[in-house]
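# Results of the structural survey
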Amino acid sequence: MNTLIAIIGLGVLCLLFEIFNLRKAIVPMVIIGLLGILGLTVSEFNSSESYYNNMIVVSKFSTAFSCLFIILTIFLVALGHNFYENNQSKISDFIAIKVFLLAGTVAMVSFGNLAMFFLGIEVLSIALYILAASNRMNLKSNEAGMKYFLMGSFASGIILFGICLIYGAMGSFDVTEISELSQSAELPVWFPIGTVLVTIGMLFKVAAVPFHFWAPDVYEGSPTLTTALMSTLVKTVAMATLYKLLSVMNADVSEAFKIVVVVISMASMTVGNIMALRQTNVKRMLAFSGVSHAGFMLMTLLSITTSAGSLLYYAAAYSLAGIAAFSVILYVCKNRDNEDVTNFHGLGKTNPLLAAILTAALLSMAGIPIFAGFFAKLVLFNQTIQAGYLALVIVAVVNSIISVGYYFKLILAMYTKEANEERKGTPFVIYAVAIVSIVLNIVLGLFPSLVLDLLA
Amino acid sequence: MNVSLILIILLVGAFATYLAGDKLASKVALFFGLAALGCSTVLLNHYNLGENISFICQWIAEPNISFALKADGLSLAMLLLTTALTPIIIISSFGTDYKNSKSFYALILFMSFAMAGTFLASDGLLYYIFWELALIPIYFIALIWGNGDTEERKKAVVKFFIYTLAGSLFMLVAFIYMYQQAGSLLIEDLYQLNLTATEQFWIFLAFFLAYAIKIPLIPFHTWQATVYQKAPTAGTMLLSGIMLKMGLYSVIRWQLPLTPLAAKQYMYIFIAIGIAGVIYGSIVALRQKDLKKLLAYSSLAHVGLIAAGTYTLTLDGLRGAVLQMIAHGFVVVGLFFVAEIIFRRYQTRVIAEMGGIRTQSPKLTSMFLILVMASVALPTTFNFIGEFTLLYSLSQINIWFAVLGGTTIILGAYYMLKMFQHAMLGETNSKVFADVTFTEGLTLVLIIAVLFIFGMYPKPIVELITPSLEAILTQINRVR
């Protein structure tokens, strides 16, 4: 709760900075503020309390995920220093929106009441619609914002409808009450229907097949920093929320539901990977790779009582690699009008450090050992086999092989092609973010217990 | 003192080489390579004195994974092969000018680190990690410093990477499946498992996919020849000299003892696959015009025989396999080095463009002849001992296996000598061929010395490996 209040306070402070004309100080101040909030959140790790008639329930799960989200936001805000260089007059808006978005994400993982859950989702979504369209003079960005808004509000509507049905069935918005009632033998038919509708809405947010059609266009059109935010922070938030929703409402009991999850998971991986193979735009490629990673993360729903730790680990591994990859993309594609693979030609020669970081990030996403991505997949496969879904794991393994194909397309472009032009400047912030995030990723890979045991 | 020291030396060496800069890189790399070799001989002494040089500590609590390195005779023999060949490979690269050499030598040491780890690891997951880790450096070595057309090379190298990764991921699934049953991946715990015949069959198959691609066995060999040809010679040496032994070693260490029922039931099929590789490799080698490709296919034939020997599940088969692995490792590195020496002077690998080198460089010619002879298993060379133990073990199973496998020697002599004739003999070549330099000569002499010494006195190696092979054999034959 304190985390949430502090984050909102920080957002307001950020807006005040603009009034006092302190735009230059915004990025450093917000980073320091977020670091402080991170410290506060970590210090409250073992406490679990509920506030305002169970509106907000702070638990280990919510605190751990909040920490991850705060860390990701710190990276994204830091990258903003460089990204909004030419757009200083609006910087406080962009940064403040990101901070409010963070508040939404924290609400989403620490809700105790479906009303709060919906509020969180809306705070997150509206912030995202604005950020997607934030490059006002660019047609593609406008298109992305509009597309995301139309599709997103539709999904919100479905979620709301689902919540209504659940309320109709259970007579309460409170998840603990719903959970108790769902144990009873006679469930009203509205309850499973409502759950499925809410799940569909959340699957839209995580961009799982068949609700993924918006992702490539929106990822491509949005400003690159917003794409980074969507593919790392938003994806992990949506996944964590879906996980929490299903686990606290005790709604995953039926076998049929699990079969649906298996099918969606398989479809997401396969469609995502096969489509990614054909992309030449790096942002679109990462969008489809994100679809396939959503498929992997959905596997955690099959052993919902035990897999919180592995979901946290997968989310951390995936999003840290994503941040590292996107900071390199930000550097390479700065002042370019597209993000084609051709922009990356010869990066291995002109900038070996950033090329190595991008390589490491892609290897982590592909699941090659010592990077955290490998252990993420390993624990996931382990749990899924334990839950008895060997076939799903084999599909996942085949997909891991396919994914190497397109990740290596980018690596090959960096190391075997000749550079077409030199890039000038060594922006300190981008280097710092890229190095810190990839080092964190490798540390997680070498010591997986640091995160895996947090939620045990 | 324990075996983790070698891994530390190699890893630190890789970083130090990278930091040393382009000028010093090769020397720093050689220093650390030799240090690792020295360290492994010292460890061998400790082991022979009966000391415990294994290393184990908990790494991840849940899932239960340990950082476990166990050294027995078999591991130590393979470790010595790795640490002995690494400095040789580094020295052999001295004569070629590699761009960005700090990364090049660092990657060689890093690869040697990963391979040494594979031979030592006794926890399934740790083993798997080292196994995969060895793939990354060779990918970059072949990709960046390779020769020939970039597009073709890219295709070949990516195919190799995806192939091997695909195979090993199924091995990972098999490990996870066994972890569910055993609750640990330590090899001792996995040995205790009682798997049913069907389970063993699928696990055997998953392992087989990983190893057959790595070794490579027919019909998973299609990546091999092009990658050997396109990779820089140092990369080819790493691949053929050490990396393919990872696959063969793993068959002995992991596949056979973990799934003995399946291994016994389908033994004949896998021996046949190995022997098919012998015949196929030899016949294809006959038609090769490119020296490196010819050596690649001859390598396919030799490892086919080694694989056939291991699947006989007899002590002779396993022993012959390990001896031949070491012998083949040295001889193939020597042969590829000769190909590189010729390339440095003539800028060609096509056999038809060579010829007439004998009169210009008698030293190289005689050393090359010795290596050719060793590769076709001439008595008094180490390869003779390996190959004949293998053929003997095959004849114990079925005499026809030995007859068919024996064609490796006849066909091998034919294509190797034909190649030698075209490459070295004939009228004096009009192009000038500078005589071998000191380092080149030294490298070849060292390799030949190893082949002769162990060819005439193989007892130390046989004594080193036999006890651990017997232990593995008892595990294979345990009563249920």
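Residues numbered from 1 in each chain as written. Chains lettered and ligands numbered in written order. Predicted model: local features only at pLDDT ≥ 70, side-chain atom pairs only at ≥ 80, totals over all residues. Heavy atoms only, no water.

## Some remarks on the overall build of chain A
When its secondary structure is counted, chain A shows 19 helices and two strands. Over its C-alpha trace chain A gives a radius of gyration of 21 Å, about what one expects of a compact globule, namely 23 Å for 456 residues. If you line up chain A on its principal axes, its C-alpha atoms span 70 × 55 × 40 Å. Evaluated residue by residue, chain A yields a buried proportion of 63% over its 456 residues. Summarising the internal contacts of chain A: among those between residues at least 6 apart in sequence, 81% fall at separations of at least 24. (Helix = DSSP H or I, 4+ residues; strand = E, 2+ residues; numbered from the N terminus. Rg over C-alpha atoms; globule rule 2.2 N^0.38 Å. Buried < 20%, exposed > 50% of the residue type's maximum accessible area, 1.4 Å probe, protein only. Contact = heavy atoms within 4.5 Å.)

## Some remarks on the interface of chain B and chain A
Listed per partner, the contact involves 31 residues of chain B and 34 residues of chain A. At the boundary of chain B with chain A, total buried surface from both sides reaches about 2900 Å², with 82% on carbon and sulfur atoms. Our count for the contact surface shared by chain B and chain A stands at zero salt bridges. Among the elements of the structure, β1 (55–60), α4 (124–133), α5 (135–145) and α6 (150–182) of chain B are those that each provide at least two residues to the side of chain B that touches chain A. With 16 residues, the single largest contributor to the side of chain B that touches chain A is α6(B). Each residue belonging to the side of chain B that touches chain A can be placed in one class, and the counts come to 25 nonpolar, two polar and four charged. (Buried area = accessible area lost by both parts, 1.4 Å probe. Salt bridge = Lys/Arg side-chain N within 4 Å of Asp/Glu carboxyl O. Nonpolar A, V, L, I, M, F, W, Y, C, P; charged D, E, K, R; others polar.)

## Regarding a nonpolar patch on the surface
Residues and elements named next belong to chain A. Judged by side-chain polarity, I8, V12, L13, L16, I19, F20 and L22 come together as a nonpolar surface patch covering roughly 640 Å² of accessible area. As for its placement among the helices and strands, F20 is situated in the loop between α1 (2–19) and α2 (23–43). With relative accessibility at 58%, the residue F20 sits in the exposed group. (Patch = residues over 30% accessible without salt bridge, like charges linked within 9 Å, V, L, I, M, F, W, Y side chains within 5 Å. Areas by Shrake-Rupley, 256 points an atom, 1.4 Å probe, with all protein chains shown as cover.)

## A few points about unusual backbone geometry
Of the consecutive residues I215(B) and P216(B), the connecting peptide bond is found in the cis state with omega at -15°. When you line up the elements, P216(B) lands in the loop between α8 (197–214) and α9 (224–230). Phi is positive for Y52(A), close to 50°, though the residue is something other than glycine. You can see Y52(A) is positioned in the loop between β1 (49–51) and β2 (56–58). In this structure, N53(A) takes a positive phi of about 50° despite not being glycine. One can find N53(A) in the loop between β1 and β2. Taking the relative accessible area as the measure of exposure, N53(A) reaches 76% and is therefore exposed.

## Description of the pattern of salt bridges
Side chains that differ in charge, positive against negative, can pair when their charged atoms come close. Under the defined criterion, the tally for this structure stands at 20 salt bridges over all chains. Between K334(A) and E85(A) there is a salt bridge, with the nearest N and O atoms lying 3.5 Å from each other. One end of the pair, K334(A), is in the loop between α13 (308–332) and α14 (347–350); the other, E85(A), is in the loop between α3 (60–83) and α4 (91–109), with 249 residues separating them in the sequence. Residue K334(A) is classed as partly exposed on the basis of its relative accessible area of 27%. Classification of E85(A) as partly exposed rests on a relative accessible area of 40%. For the salt bridge of R344(B) with E340(B), the shortest nitrogen-to-oxygen distance reads 3.7 Å. Highlighted residues: R344(B) and E340(B), both in helix α14 (residues 315–346), separated by four residues, approximately one helical turn. When salt bridges with common partners are traced through the structure, they connect K140(A), E143(A), K147(A), D217(A), E220(A) and R284(A) into a single cluster.

## Here we look at the layout of surface pockets
Residues and elements named next belong to chain A. Of the voids in this model, the second largest pocket is the one considered here, and its volume is about 820 Å³. Along the walls of the second largest pocket sit 36 residues, with F83, N135, N138, P223 and T224 positioned nearest its centre. Looking at the lining of the second largest pocket, the elements that each hand over two or more residues are α3, α4, α9 (214–221) and α13. Looking at the lining of the second largest pocket residue by residue, the class counts come to 14 nonpolar, twelve polar and ten charged. (1 Å grid on protein atoms, 1.4 Å probe; cavity = no way out; pocket = protein on both sides within 12 Å on 5 of 7 lines; lining within 4 Å. Points joined across faces, edges and corners; volume = space filled by probe spheres on them.)

## Comments concerning the packing of aromatic side chains
Summed over the entire model, instances satisfying the criterion amount to 55 aromatic pairs over all chains. Taken together, a centroid distance of 5.3 Å and an interplanar angle of 85° make the contact between F175(B) and F207(B) edge-to-face. With F175(B) in helix α6 and F207(B) in helix α8, this pair connects stretches of sequence that are 32 residues apart. What makes F175(B) buried here is its relative accessible area of 1%. Using a relative accessible area of 0% as the deciding quantity, one classes F207(B) as buried. One aromatic cluster in this structure is built from Y129(A), Y148(A), F149(A), F204(A), W214(A) and Y219(A). Taking the ring centre of F111(A) as reference, the NZ or CZ of K244(A) above it sits at 5.2 Å. The lysine or arginine in question, R349(B), covers the ring of F343(B), its NZ or CZ lying 3.9 Å from the ring centre. (Phe/Tyr/Trp six-rings, centres within 6.5 Å; stacked < 30°, edge-to-face > 60°. Lys NZ or Arg CZ within 6 Å of the ring centre and 35° of its normal.)

## Some words on the environment of T73(A)
Residue and element names in this part refer to chain A. You can see T73 is positioned in helix α3. For the pair T73 and V30, spaced 43 residues apart in the sequence, the C-alpha separation amounts to 10.0 Å. The residues contacting T73, other than those within four sequence positions of it, are L34, K98, L102 and L233. Among the polar contacts made by the side chain of T73, one reaches the main-chain carbonyl oxygen of F69 at a distance of 2.6 Å. (Polar contact = N/O pair within 3.5 Å; in protein donor to acceptor, adjacent residues only side chain to side chain.)

## Thoughts on the pairing of β1(B)
Residues and elements named next belong to chain B. Inspection of the sheet shows β1 paired to strand β2 (residues 65–69) by five bridges, in the antiparallel sense. For I60, the partnering residue across the bridge sits in β2 and is I65. The turn linking β1 back onto β2 is made up of four residues. (Pairing = 2+ DSSP bridges.)

## Some words on the confidence of the model for chain B
Residue and element names in this part refer to chain B. Within chain B, residue pLDDT values average 87, and 100% of them lie at 70 or more. Per-residue pLDDT, averaged within each element of chain B, yields its smallest value for β1 (84) and its largest for helix α3 (residues 101–120) (91). For this predicted complex, the interface confidence reaches an ipTM of 0.86, while the overall pTM sits at 0.90. (pLDDT = per-residue confidence, 0-100.)

## Quick notes on the packing of α1(A) against α2(A)
Residues and elements named next belong to chain A. Closest axis-to-axis distance for the α1/α2 pair is 10 Å, and the angle between their directions is 170°. The angle between α1 and α2 places the two elements in the roughly antiparallel class. In this structure, α1 uses N2, T3, A6, I7, L10, C14, F17 and E18 to contact α2, whose residues at the interface are R23, A25, I26, M29, V30, G33, L34, I37, L40 and T41. (Axes fitted to C-alpha atoms, helices over the stretch in contact; angles between N-to-C directions. Parallel < 35°, antiparallel > 145°, perpendicular 65-115°, else oblique.)

## Some remarks on empty space enclosed by the protein
Residue and element names in this part refer to chain A. In total, this model carries ten cavities of 30 Å³ or more according to the counting rule given. When its volume is computed, the largest cavity comes out at roughly 100 Å³. Among the secondary structure elements, those contributing two or more residues to the lining of the largest cavity are α1, β2 and α3. The biggest single contributor to the lining of the largest cavity is α3, with three residues. Looking at the lining of the largest cavity, its residues break down into five nonpolar, six polar and one charged.

## Description of the nonpolar core
General note: in soluble globular proteins, nonpolar side chains tend to be found buried as a group. Of all hydrophobic cores here, the largest spans 382 residues; its most connected members are F65(A), F117(A), F344(A), Y139(B), F207(B), Y211(B) and M243(B). Among the elements that make up this core, the one with the highest residue count is α13(A) (20 residues). With near-sequence residues (within four places) excluded, F65(A) lies in contact with V109(A), A240(A), L311(A), L312(A), A315(A) and L455(A). (Core = buried A, V, L, I, M, F, W, Y, C linked by side-chain atoms within 4.5 Å.)

## Points about the packing of helix α17 (residues 390–416) of chain A against α6(B)
At a closest axis distance of 10 Å, the pairing of α17(A) and α6(B) adopts a crossing angle of 155°. One finds that α17(A) runs roughly antiparallel with respect to α6(B). Relative to α6(B), the crossing made by α17(A) is right-handed. Contact with α17(A), carried on its side by L390(A), V393(A), I394(A), V397(A), V398(A), S400(A), I401(A), V404(A), G405(A), F408(A), L412(A) and T416(A), involves T150(B), K154(B), V158(B), F161(B), I162(B), L165(B), A166(B), L169(B), F170(B) and V173(B) of α6(B) and no other residues of that element. The residue makeup of the contact of α17(A) with α6(B), split by class, is 17 nonpolar, four polar and one charged. (Left-handed = near helix turned anticlockwise from the far one by under 90°.)

## So, helix α10 (residues 233–258) of chain B
Residues and elements named next belong to chain B. Across its 26 residues, α10 extends 36 Å between first and last C-alpha, which sits within 8% of the 38 Å expected from 1.5 Å per residue. The sharpest bend along α10 reaches about 40° and sits at V251. Counted residue by residue, α10 has 26 buried out of 26 residues, so it is predominantly covered. (Expected span 1.5 Å × (residues − 1). Bend = angle between axes of the 7 residues up to and from the residue.)

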